[in-house]
Amino acid sequence: MKRLVFFTGAGMSAESGLPTFRGRGGIWDEIDARAVASREAWYCGRRHDARLCRQRVLDFFNPIRRAILSHEPNEGHRRIAALEACHEVTVITQNGDDFHERAGSTQVIHLHGEALRNASTLHPHESYPIDPAHPDLHIGDKAPDGSQLRPYVVFFGEDLEMPLWRRAVNAIRDADALVVVGSTLLVHPAADLLAYVRPDCPLWCIDPEEVTLPEGCRQATCLHLCATDGLRQLCKNW
């Protein structure tokens, strides 16, 4: 039994119909991330347009939630989940969707939060389930502590949750193989996790585009394929 770790980014879910964020044709090519997904935009203090700023954030995330609920895991998600029959598998994902869980993966670390959960504005690391039938958040929706509900995601300018980070670091340190799927590795500190890969641990990157490995990271074996095709080719050896 091998300890396999998969580090997944937006390209993992692109074949399920979700858009990517960075790279060619990504969302951030068209939309200012700071205006719709930053700590500054949400926690805008006493600014006269504070309500407008928060509404802009919700107007960005609500359609993403609906898109996640209306799409399904793809073959790549299912291939990763199927490996649990023979191996110890951990998924570390930058994605806010729940496709890995729906495909059957049981050990999933969401570094950047979960779009299908709500959080408290006062305590953003406390999360609450959403009603899938009514996933949209509105100004005036309150958390149990009385503060405005917000998406349970890590906004730009916010720190990652340390317990999740430590779990991810430990998983990579213990890995017998690490596979990066559909991540540009341009988002930090998430990409810094590759610094914890053991010298004897095989490292693969699956992405149709060129992937820039973080400075100081050793070389990887790159498969310039989409997530499903790359996983189909790689996983047949396991």
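Reading the values: rules and limits
- Residues numbered from 1 in each chain as written.
- Predicted model: local features only at pLDDT ≥ 70, side-chain atom pairs only at ≥ 80, totals over all residues.
- Heavy atoms only, no water.
- Pairing = 2+ DSSP bridges.
- Helix = DSSP H or I, 4+ residues; strand = E, 2+ residues; numbered from the N terminus.
- Axes fitted to C-alpha atoms, helices over the stretch in contact; angles between N-to-C directions.
- Contact = heavy atoms within 4.5 Å.

Draft legend 1. Structural view of the sheet that holds strand β3 (residues 108-110). Across the sheet, six strands lie side by side as β3-β2-β1-β7-β8-β9; this open sheet has parallel pairing. Strand pairing shows two members of the sheet lacking a second neighbour, β3 and β9 (221-223), which therefore form its edges. On average, each strand axis in the sheet is inclined to that of its neighbour by 20°, with strand direction left out of account. Where strand β8 (residues 203-206) lies against β9, three bridges are found, and the strand directions are parallel. Each bridged residue has a counterpart across the sheet, and for Ile 206 the counterpart in β9 is Leu 223. Together, β1 (3-8), β2 (88-93), β3 and β7 (177-181) form the strand contacts of helix α7 (residues 162-174), whose direction differs from that of β3 by roughly 135°.

Draft legend 2. Focus on the sheet that holds strand β4 (residues 113-120). In space, the three strands of this open sheet follow the order β5-β4-β6, with antiparallel pairing throughout. This sheet does not close on itself; its edge strands, each paired only once, are β5 (127-129) and β6 (149-153). Adjacent strand axes in the sheet meet at a mean angle of 55° when their direction is disregarded. For β4 and β5, the ladder comprises three bridges, and the chain directions are antiparallel. Opposite Ala 119, over in β5, you have Ser 127 as the bridge partner. On the sheet, helix α4 (residues 50-70) packs against β4 and β6 and is oriented at approximately 135° with respect to β4.

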